[in-house]
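Per-entry structural report
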Amino acid sequence: MKKTLVLTLALTLALTGCSKGLTIFSNYRRIENIELVRAFTADTQGDGVLVSIYGTAGEQNDARMVEKSGPSLGTAMGELLMMPLGREAILSHTENLLIGEDMARQRLNECLDYVERYSETRLDIGLLIVRGSTARDLLKGLSGSDPSAADVIAGLANHIARVGEGAVFTCREVAVSLLENGVALIQCVRGVEEEKLFDARGDLNLEPDGFAVVTEDGQTLEFLTGEETLGCLLLLSRLEAKDLDLAVGDTVATVSVEELKTAWEPVFDGDGALTKIKVRVTAGAKLVSLRGVADVTKKSWREAAERALSETLRAAAQAAVARSQTLGLDFLDLHGITARKHPMKLEAMGRDWSDIFPTLPVEVEVEGALRRTFDIMDSPEIAEKEEMTPWEKLTESLKDN
Amino acid sequence: MGKVDGITQRQLTVLIFVSLLSPMIRILPTSAVVFAGRAAWLAPLPAFLLGRLLLAAMDAFGKNVPEGAGLADMTELALGGGLGRAFNVLTALWLTFYAGFVCRSAAERLLATVYPNGSPAVFIVVMLLVAVAVGAGSTKALSRTAEVLMPILVGVLAAVLLSALPDVSAERLLPVTLQDGKRVLYGSLPVFNVLAGFVYFLYLGGRVRKKPGARPRRFPWLAGLTAVALGVTFFTLGTIGEHLAVSMENAFFIVIRNIKVFGVVERVEAVVVAVWVVTDFIFVAALLMIVSEIWRTVTGAKKRAAFAAPTGVLAGAAAFFIAEGVFDFQKWSDVLIPAINLSFALVLIPLVCAVGKLRKKY
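Computed from a predicted model, the values in this text were never measured in an experiment.

Moving on, we get to the overall build of chain A. The number of helices and strands found in chain A is 13 helices and 13 strands. Going through the 401 residues of chain A one by one, you find that 39% of them count as buried. Sequence separation of at least 24 residues holds for 67% of the intrachain contacts in chain A that already meet a minimum separation of 6.

Broken down by element type, chain B carries 14 helices and two strands. Against the globule reference of 21 Å for 362 residues, chain B gives a C-alpha radius of gyration of 20 Å, in line with a compact fold. A principal-axis box enclosing the C-alpha atoms of chain B has dimensions of 60 × 45 × 35 Å. Across the 362 residues in chain B, those meeting the buried criterion constitute 53%. In chain B, of all internal contacts separated by at least 6 residues, the share reaching a separation of at least 24 is 84%.

Residue and element names in this part refer to chain B. At a closest axis distance of 9 Å, the pairing of helix α5 (residues 81-113) and helix α6 (residues 120-135) adopts a crossing angle of 135°. Between α5 and α6, the angle is such that the two are oblique. As α5 packs across α6, the resulting crossing turns out to be right-handed. Across from Cys-103, Arg-104, Ala-106, Ala-107, Glu-108, Leu-110 and Leu-111 in α5, the residues of α6 making contact are Pro-120, Phe-123, Ile-124, Met-127 and Leu-128. In terms of residue class, the contact of α5 with α6 is built from ten nonpolar, no polar and two charged.

Attention now moves to the pairing of strand β1 (residues 34-45) of chain A. Residues and elements named next belong to chain A. With three bridges joining them, β1 and strand β4 (residues 88-90) adopt parallel strand pairing. Looking across to β4, one finds that Leu-36 is bridged to Ile-90. Alignment of β1 against strand β5 (residues 96-100), held across four bridges, turns out to be parallel. Bridge pairing in β5 links Ala-42 to Ile-99.

Let us look at the interface of chain A and chain B. Counting residues at the interface gives 24 residues for chain A and 25 residues for chain B. The residue makeup of the side of chain A that touches chain B, split by class, is twelve nonpolar, seven polar and five charged.

So, on to the sheet that holds strand β10 (residues 242-248) of chain A. Residue and element names in this part refer to chain A. The sheet built from four strands is open, its strands ordered β10-β11-β12-β13 with mixed pairing. For this open sheet the edge positions go to β10 and β13 (362-372), each flanked by a neighbour on one side alone. With direction set aside, neighbouring strand axes in the sheet form an average angle of 40°. The strands touched by helix α7 (residues 226-235) are β10, β11 (251-268) and β12 (274-291); relative to β11, the strand with the most contacts, the crossing angle is about 60°. Contacts between helix α9 (residues 334-341) and the sheet are confined to β11 and β12, with β11 contributing the most and set at about 55° to the helix.

All names here are of chain A. Taken domain by domain, chain A comprises domain 1 (31-223) and domain 2 (226-401). Contact with domain 1, which involves 14 residues of that partner, is made by 17 residues of domain 2. Put simply, the parts of the chain that give the side of domain 1 that touches domain 2 at least two residues each are α5 (149-162), β7 (183-191) and β8 (206-215). Element by element, the count of residues in the side of domain 1 that touches domain 2 is highest for β8, at four residues. Within the side of domain 1 that touches domain 2, the residues separate by chemical class into six nonpolar, six polar and two charged.

A word on helix α13 (residues 305-321) of chain B. Residue and element names in this part refer to chain B. Along its 17 residues, α13 runs 25 Å from first to last C-alpha, staying within 8% of the 24 Å computed at 1.5 Å per residue. Taken together, the buried positions of α13 are occupied by Phe-307, Ala-308, Thr-311, Gly-312, Ala-315, Gly-316, Ala-318 and Ala-319. Elements in contact with the buried residues of α13: α5, α6 and α12 (269-299).

Further remarks concern unusual backbone geometry. Residue Pro-29 of chain B follows Leu-28 of chain B across a cis peptide bond; omega there is 0°. Among the secondary structure elements, Pro-29 of chain B is positioned in the loop between α1 (9-27) and α2 (30-36). A positive phi angle, close to 55°, is found at Ser-237 of chain A, a residue other than glycine. By secondary structure assignment, the location of Ser-237 of chain A is in the loop between α7 and β10.

Let's shift gears to the packing of helix α3 (residues 44-61) of chain B against helix α8 (residues 181-195) of chain B. Residue and element names in this part refer to chain B. Running from amino to carboxyl end, α3 crosses α8 at an angle of 50°, the nearest separation of the two axes being 7 Å. Regarding the angle of α3 to α8, the classification is oblique. Judged by the sense of rotation from one axis to the other, the crossing of α3 with α8 is right-handed. Taking contact as the criterion, the partners of Pro-44, Pro-46, Ala-47, Leu-50 and Gly-51 in α3 are, on α8, Val-184, Leu-185, Ser-188, Val-191, Phe-192 and Leu-195. For the contact of α3 with α8, the class distribution of residues is nine nonpolar, two polar and no charged.

A word on the nonpolar core. Within the largest apolar cluster, 227 residues are counted, with the highest numbers of intra-cluster contacts made by Ile-186 of chain A together with Cys-103, Val-284, Leu-287, Leu-288 and Ile-290 of chain B. The greatest single-element share of this core, amounting to 17 residues, is contributed by α12 of chain B. A domain split of this core shows at least three residues from each of domain 1 (31-223) and domain 2 (226-401) of chain A. Setting aside residues up to four positions removed in sequence, Ile-290 of chain B forms contacts with Leu-95, Tyr-200, Phe-201, Tyr-203 and Leu-204 of chain B.

Turning to α6 of chain B, a few remarks are in order. Residues and elements named next belong to chain B. The end-to-end C-alpha separation of α6 is 21 Å, in line with the 22 Å expected for 16 residues at 1.5 Å each. Most of α6 is tucked away, with twelve of its 16 residues classed as buried. Buried within α6 are the following residues: Pro-120, Phe-123, Ile-124, Val-126, Met-127, Leu-128, Leu-129, Ala-131, Val-132, Ala-133, Val-134 and Gly-135.

Another aspect to go through is the environment of Pro-120 of chain B. Residue and element names in this part refer to chain B. Within the secondary structure, Pro-120 sits in helix α6. The exposure class assigned to Pro-120 is buried, which follows from the 21 C-beta atoms found within 10 Å. The spatial distance from the C-alpha of Pro-120 to the C-alpha of Phe-234 is 30 Å, given a sequence separation of 114 residues. Leaving out residues up to four positions away in the same chain, Pro-120 has contacts with Arg-104, Ala-107, Glu-108 and Leu-111.

Let's shift gears to the pairing of β8 of chain A. Residue and element names in this part refer to chain A. The buried fraction of β8 is high, at eight of ten residues. In this structure, β7 lies alongside β8, joined through eight bridges in antiparallel fashion. From the neighbouring strand, Val-183 faces β8, where its bridge partner is Thr-215. Bridging between β8 and strand β9 (residues 221-223) involves three bridges; their strand directions are antiparallel. When the bridges of β9 are listed, Val-214 appears paired with Leu-221.

Let us look at the confidence of the model for chain A. It should be kept in mind that the predicted coordinates are not to be read in detail where pLDDT is low. Confidence in the prediction for chain A averages 83 pLDDT; 80% of positions are at 70 or higher. No element of chain A has a lower mean pLDDT than helix α12 (residues 380-385) of chain A, at 54, and none a higher one than α7 of chain A, at 95.

Thresholds applied
Residues numbered from 1 in each chain as written. Chains lettered and ligands numbered in written order. Predicted model: local features only at pLDDT ≥ 70, side-chain atom pairs only at ≥ 80, totals over all residues. Helix = DSSP H or I, 4+ residues; strand = E, 2+ residues; numbered from the N terminus. Buried ≥ 20, exposed ≤ 12 C-beta atoms within 10 Å, placed from the backbone. Contact = placed C-beta atoms within 7 Å. Rg over C-alpha atoms; globule rule 2.2 N^0.38 Å. Axes fitted to C-alpha atoms, helices over the stretch in contact; angles between N-to-C directions. Parallel < 35°, antiparallel > 145°, perpendicular 65-115°, else oblique. Left-handed = near helix turned anticlockwise from the far one by under 90°. Nonpolar A, V, L, I, M, F, W, Y, C, P; charged D, E, K, R; others polar. Pairing = 2+ DSSP bridges. Domains from an automatic or database assignment. Expected span 1.5 Å × (residues − 1). Core = buried A, V, L, I, M, F, W, Y, C linked by C-beta atoms within 7 Å. pLDDT = per-residue confidence, 0-100.

Structure, rendered in structure tokens:
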């Protein structure tokens, strides 16, 4: 019995597995022979697809880009992965996929299908649409850059979230949203000057360009404005931070919105009909800088600032809702929100959501709160002008508040 | 009746738990989501209750069975020599086929997820070679192996599931209403189908050393498997939602592939593949052992080791010829195998035991 077991185990060591030749290293890859593809792009090219990959590996840690076209994404990628740079390209650590506008318009599902189906790729690959140019041009321009193209793209994705210009949704999030809502949002970027991705010196000249709205059937590709994008971020609770300039009296206060809470409440009438959806957004902000002279400790000034903040955010949220209803595409997932809050009532209504949604009143209420001014409570000019004793300042403050 | 190669009741339950992890991870969450949609994560709970009922029934049937007698002996007692032997042969043939199916299923899963350019033949041959060697050996060795592996498997599964927690969204799990109750019940059938597989392990019952007055403790494995089913379904659905989950053959694996631990460790799916392979191997080896035990009873042979190799060859033939491509295989996997499995584990075998009880044969 033991002999049989030992013999069997010994035989299994000699199996070749997936590699060629007789070797026990069935799935073994030498680090110097692999090309880690951290980002790849896909664009349409005639009736086919042009894909570019960007990798970095090897002893010199050199980074290069290669591209290949084919009738489909699968064939193009297949060829590309077979013959890149003399190394075996692997997609197991790919972080971002950039696609051109035409690719998004015509063949988005093909991209998602490839990512879902291919055995190496993760679903959590960030998805971006490059507007006004091709994704390939973006990657090409970044080749040989320092930091590397993959770092620049990853940095860009983080930057977009940190400045509140959007959010990079992953292929998983896009695929799930398409399947569950029939519509999804994808982050866009574009060149700043006349749609050029790079300036005269060859430096990256790229800016976030809001969300694209795509549908499951691939028939729709709409682009949201900056305000609508901000509204989506607010209502989807995806806003990480956003700096806003607010006109407060004679001053302009720059505040950074950071703390966000969104509460939804679908309202049904006595007959069980959905009459409206109320959404209340609570946004906490901190004062970043102040232009002009104001005593920020005064309640009246703070309230004016908070009103301005609330109004700006409310306008953004309403713009997003209005665009969603105009397009007839529920990318804010109002159906899901209603279904989760009142599943029985929604089902009892027995009406198709597409009939209800476009005219459904959505009441947006925003409460902006200025929560921090950091160490400087007064504007410097006021501190110079006023020569009050600490006791006078305290009593003044108590009276004001 | 094999007293030398004895195992404890606990070892048998551990063997059941580790073995049934294989089909449990294979079928979930997709098969439950097909029926129950986003409420599928609740499906393991009714399955647990059904499993508990079956367990109680089988315990009641086997209460007065003489020590050293397994299910094959009970069958011959219940149905008489000729008919009992015929039923045992039928069961042995089914379990041989099932072992082949499990091998092929494991191979297809490895191809779909990790080795896209490989051949199923390699995995089938290796698995059967090792399973035959172990299946011909002692029940004690296999049970001890399961005992050693169980904490590792549970630890890995728990760690992997917890790592997936940040991606879980309540929006993909809710709403669940009372109206989903019927769907949840339907969704529990595939889970119960797996749990009901414990019945096959009662063929090794003759190997269990019974302590006087000791009650069978099978509840922990049932609760453990239910917890695994709950975890796998909950985390997969919460991460990728019902629609994506149902469209994927190995949805759980796809979720695992996305896991990042503190942004430092990623691509941990190799660990999960190891869990699959280990549980598949234990399950196939256990099935070969069970079939050999049945043949030993049918032929009246003293030892069962000689039956393992022919059974392995037949299982290999089944694995190779069950289907040409993945679509044919899917038909077996989705419809035929669950139906046959449920027929044997839920209907035929308990019925035979009930007949024996009614005829007061034990």
